[in-house]
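Below, each chain spelled out in residue letters.
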Amino acid sequence: MSNIVKVEDVEKVKGLFGDWENNFLPSCLQGVMGEVYSLDLDNPQSAVAVIGDFRMFVGEPNDSLLKFDYKDSECDYKCGEMDIIIPQNDKWAELVRDTFNSDLEGVSELKEIKRYSTFEDMSQFDVDKLNEIKSSAKEGFEILDIDEEIYNRCLENEWSKDLVGNYNDYEDYSKKGVGVVLLDTKNNEIVSGASSYCTFEGGIEIEIDTNEQHRRNGYALICGASIILKCLEKGIYPSWDAHNKGSIELAKKLGYKMKGEYTAFELYRK
């Protein structure tokens, strides 16, 4: 396998990313969260930025970088069962299709999807409407900030891990992250939550998850309004990159405007 290494000085590869607008890149390029890898630090031609489930490939398409299995390396990043691949351009997208549509060991499925970006404008939000949505929680349900106890409870359940899972520990989350959950007080059960998937200078990328047994009750909308209000209070931008049409429709209800769509891939591992 090629000598793929973690990039300690991101300035060496920053030019490869150019002016690519992607919600997850700032965390990596600013050194706040995430990691960047390349093959040749003396003359880098391609690189990948990695944060959580996301892998963003830039520069000259390279199948060694694309196929690299971080689970078998000393890299800090460890692959899960599914990675979300975001190609910088059509050439990278074509390489993804060619590489993973073949019978590659360790890969069970590749799905091509569309994701949806939104405009970044603090003035687009109607605070009164957001407060109205937040206040619509039924009696017996309480909106709570994610403190250390809630942080640990989120990690206990598969559906809620992504709310806090990209931070090293609670201390890291308490410094960088922001989030809320909706608690069913009668059963002392967290039914939904909205939190920072990642943090960058001046903002966060929002992650919203709801327990499958409690979906279609408006809980995600309530949590979404709650975290946007918290971000506005803190003076940070609540960035929203939608994974599917349902997510972009939810975003629109909260005041976001769709900017465009782009190609991404879900890579499932055996």
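The structure we're discussing is the one just above.
Residues numbered from 1 in each chain as written. Predicted model: local features only at pLDDT ≥ 70, side-chain atom pairs only at ≥ 80, totals over all residues. Heavy atoms only, no water.

**Student:** How should the pattern of salt bridges be read in this particular structure?
**Tutor:** Any two side chains of opposite charge can pair, given that their charged atoms come close. Under the definition given, this model contains 13 salt bridges. D83 is paired through a salt bridge with R55; the nearest N and O atoms lie 3.0 Å apart. Of the two residues, D83 sits in strand β5 (residues 82–87) while R55 sits in strand β4 (residues 54–59), which places them 28 residues apart along the sequence. Assessed through its relative accessible area of 0%, D83 is described here as buried. When its relative accessible area of 0% is taken as the criterion, R55 is described as buried. When the shortest N-O distance is used, the salt bridge between D63 and K67 registers 4.0 Å. Of the two residues, D63 and K67 are both situated in helix α3 (residues 63–67); the distance of four residues between them amounts to about one turn of the helix. Residues participating in the shared-partner salt-bridge network are R55, D83 and R269. (Salt bridge = Lys/Arg side-chain N within 4 Å of Asp/Glu carboxyl O. Helix = DSSP H or I, 4+ residues; strand = E, 2+ residues; numbered from the N terminus. Buried < 20%, exposed > 50% of the residue type's maximum accessible area, 1.4 Å probe, protein only.)

**Student:** Can you help me understand the packing of aromatic side chains in this one?
**Tutor:** For any pair of aromatic rings, the description consists of the separation of the ring centres together with the inter-plane angle of the planes. For the structure on display, the rule yields eleven aromatic pairs. Ring geometry for F141 versus Y219: centroids 5.3 Å apart, planes at 35°, classification tilted. Pair noted here: F141 is in strand β7 (residues 141–145) and Y219 is in helix α8 (residues 219–234), with a separation of 78 residues, a long-range link. Owing to a relative accessible area of 10%, Y219 belongs among the buried residues under this scheme. (Phe/Tyr/Trp six-rings, centres within 6.5 Å; stacked < 30°, edge-to-face > 60°.)

**Student:** I'm lost on the side chain of S196 in this one. Help?
**Tutor:** Topologically, S196 is positioned in strand β9 (residues 189–200). According to the relative accessible area criterion, S196 is buried, its value standing at 0%. Here S196 is in contact with L163, Y167, Y173, G177, V178, I204, E205 and I227, once residues within four sequence places are set aside. (Contact = heavy atoms within 4.5 Å.)

**Student:** Any chance you could explain unusual backbone geometry here in plain terms?
**Tutor:** For residues other than glycine, phi is negative in most cases, and the peptide bonds are mostly trans. Phi at N188 is positive, roughly 50°, even though this residue is not glycine. With respect to the element layout, N188 can be found in the loop between β8 (179–184) and β9. We note that R216 has phi near 65°; this positive angle belongs to a residue other than glycine. Mapped onto the secondary structure, R216 falls in the loop between β10 (203–210) and α8.

**Student:** Any chance you could explain the nonpolar core here in plain terms?
**Tutor:** If you look at soluble globular proteins, the nonpolar side chains tend to sit buried side by side. Core analysis: the largest hydrophobic core is formed by 36 residues, its most contacted members being F17, F24, V36, I51, F54, M56 and I86. Looking at this core, the elements that each hand over two or more residues are α2 (25–29), β3 (46–51), β4, β5, α6 (148–156), β8, β9 and β12 (258–269). With residues up to four places along the chain from it excluded, the contact list for V36 reads V5, K6, V7, V13, F17, C28, L29, A47, V48 and A49. The next biggest cluster of nonpolar side chains, apart from the first, holds 27 residues, and it includes L130, V178, L182 and Y256. (Core = buried A, V, L, I, M, F, W, Y, C linked by side-chain atoms within 4.5 Å.)

**Student:** When you look at the layout of surface pockets in this model, what are you seeing that I'm missing?
**Tutor:** Where empty space is left can be seen by rolling a probe of water-molecule size over the atoms. In this structure, the second largest pocket occupies an estimated 410 Å³ of space. In terms of lining residues, the second largest pocket is bounded by 23 residues, among which W20, E21, N22, N23 and S117 are the most central. Looking at the lining of the second largest pocket, the elements that each hand over two or more residues are β5, α4 (90–100), β6 (107–118) and β12. Residue contributions to the lining of the second largest pocket peak at five residues, all from β12. Here the residues of the lining of the second largest pocket are counted per class, giving seven nonpolar, nine polar and seven charged. (1 Å grid on protein atoms, 1.4 Å probe; cavity = no way out; pocket = protein on both sides within 12 Å on 5 of 7 lines; lining within 4 Å. Points joined across faces, edges and corners; volume = space filled by probe spheres on them. Nonpolar A, V, L, I, M, F, W, Y, C, P; charged D, E, K, R; others polar.)

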